[in-house]
Amino acid sequence: MASRFFSVPDVYFGTNAISSLERLNSKKVAIVTDAFMVSSGKTQSLIKAMPYATVSVFGDVKPDPNTAVIVAGVQQFKSFQPDVIIALGGGSSLDAAKGIKITLEDLYQGQKIELIAIPTTSGSGSEVTSYAVISDASNGKKYPLVSADLLPDAALLDPELVLSVPRTVAVDTGMDVLTHAIEAVASINSNDFSDALAEKAIHLVATYLPQVVENESAIEPREHMHNASCMAGMAFNSSGLGLVHGMAHALGGILHISHGKINAMLLPLIIDFNGESGSLDILKKYQKCARLMKIDVDSPSQAVRELSTAIRNLNKQQQIPASLTEFGKKREDVEAARQTIIEATLADGCTITNPRKPTASDIDMLLTKIIG
């Protein structure tokens with residue numbers, strides 16, 4: 001059966017990548033970002049890079065953007081009619097900008113709006129994916145959206161923009177990159193192209209995330225992690241993800257846990273679960289991931305065990321809790337939402353490409369384990 005690898009957005013990378021915005025000087029530019037990006041001066045840096053553009057800034061994006069944020073952004077830009085939308089910030093700003101962009105295009109009945117994504121964290125990979133996650137505040141659910149219309153036209157990877165990210169955030173987002181890459185390799189839709197990007201991303205994370213932790217002000221490790229995030233995003237945009245993300249969306253939406261952290265907590269559990277299937281194909285995929293993390297053993301099943309142990313140790317070193325109770329969440333709150341979490345996980349689009357098809361009882365068992 002024929003497969004397809006998407007045409008990637010134009011990717012500008014390296015120091016001073018934002019200078020490429022000069023080409024927008026004659027355009028009407030809408031910037032979608034959060035309050036910190038405005039107060040820190042990063043938004044102003046973009047405006048200075050295109051001094052003759054007409055600019056409108058929407059700076060009210062919150063973590064886990066919901067439909068109200070999308071509506072507010074659309075209302076601000078509706079009469080402005082931007083030629084270009086720039087998404088500046090972490091995954092939440094990028095997801096919000098995608099939602100605002102497609103809503104405006106629908107209102108304008110076919111008028112194309114260019115979308116430029118400028119990530120300021122090295123984690124989501126949203127700058128090169130056709131994914132967005134929008135929350136519904138009324139029921140605490142996160143909805144992953146997938147559409148070619150959500151794919152940005154350009155991505156700017158400027159390491160100067162991530163230097164100010166605190167170590168704790170860099171760790172969470174770095175583990176998000178690792179999860180994206182490992183799930184892309186393990187996915188039932190993995191292919192030669194997605195594997196090439198995902199495997200390089202795993203190598204970069206294994207090499208440079210410890211260096212970011214050791215010296216958060218060093219720009220070279222930050223630049224490599226920023227590139228790894230983008231590569232992992234390209235990989236999973238082609239291959240899909242898996243059960244880690246399926247459960248993370250369900251748990252994160254209800255318990256309000258940062259996406260990278262809950263991914264890191266779930267990753268070793270799901271590797272063990274998938275490895276228990278006995279499928280040699282799955283075991284060999286994880287063995288490949290293990291070798292990229294400098295775990296070289298001949299037995300595929302042993303490689304899976306050592307890979308999940310290595311990730312647990314990495315989490316422990318980086319002070320990422322192993323369970324929800326260790327994280328400080330109340331057991332009764334999780335139990336009250338157990339059935340909702342199980343149903344949301346099974347319905348999540350990321351769960352579909354997991355290498356082992358889970359049942360409701362499987363999710364129930366994994367939920368008991370992650371509660372602790």
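Just so it is clear, the model here is predicted, and its values are computed rather than measured. (Residues numbered from 1 in each chain as written. Predicted model: local features only at pLDDT ≥ 70, side-chain atom pairs only at ≥ 80, totals over all residues. Heavy atoms only, no water.)

Draft legend 1. Highlighting the sheet that holds strand β1 (residues 10-13). Read across the open sheet, the six strands follow the order β1-β8-β5-β4-β2-β3; overall the sheet is parallel. Since the sheet does not close on itself, it has two edges, and those belong to β1 and β3 (54-58), each with one partner. Averaged over neighbouring strand pairs, the angle between their axes works out to 20° when direction is ignored. Helix-sheet contacts for helix α4 (residues 91-107) involve β2 (28-32), β3, β4 (84-89) and β5 (114-119), and the interaxial angle to β4 is about 160°. (Pairing = 2+ DSSP bridges. Helix = DSSP H or I, 4+ residues; strand = E, 2+ residues; numbered from the N terminus. Axes fitted to C-alpha atoms, helices over the stretch in contact; angles between N-to-C directions. Contact = heavy atoms within 4.5 Å.)

Draft legend 2. Quick look at the pairing of β4. The buried count for β4 comes to six of six residues, which makes it a mostly enclosed element. Here four bridges tie β2 to β4, and the two strands are oriented parallel to one another. When the bridges of β4 are listed, I31 appears paired with I86. In terms of strand pairing, β4 meets β5 through six bridges, oriented parallel. Paired with L88 across the bridge in β5 is I118. Between the parallel elements β4 and β5, the chain passes through α4 in a crossover that is right-handed. (Buried < 20%, exposed > 50% of the residue type's maximum accessible area, 1.4 Å probe, protein only. Right-handed = clockwise from strand over helix to strand, strands pointing away.)

Draft legend 3. Representation of the pattern of salt bridges. Counted according to the given criterion, the structure contains 12 salt bridges. Between E105 and K101 there is a salt bridge, with its nearest N and O atoms 3.5 Å apart. Residue E105 and its partner K101 are located together in helix α4, separated by four residues, close to a single helical turn. An identical accessibility class is assigned to E105 and K101; each is buried. Between E199 and K288 there is a salt bridge; the shortest N-O distance is 3.3 Å. Placement of E199 in helix α6 (residues 192-214) and of K288 in helix α10 (residues 280-292) is noted, with a sequence separation of 89 residues between them. Residue K288 is classed as partly exposed on the basis of its relative accessible area, which comes to 30%. Here the salt bridges share partners, and the residues they tie into one network are D195, E199 and K288. (Salt bridge = Lys/Arg side-chain N within 4 Å of Asp/Glu carboxyl O.)

Draft legend 4. Looking closely at α4. Here α4 spans 24 Å end to end across 17 residues, near enough to the 24 Å set by a 1.5 Å rise per residue. With 12 of 17 residues buried, α4 is to be regarded as a mostly interior element. If you check which residues of α4 are buried, you get G91, S93, L94, D95, A96, A97, K98, G99, I100, K101, L104 and E105. Where α4 terminates, the next one or two residues include Q109, which has phi positive at roughly 55°. (Expected span 1.5 Å × (residues − 1).)

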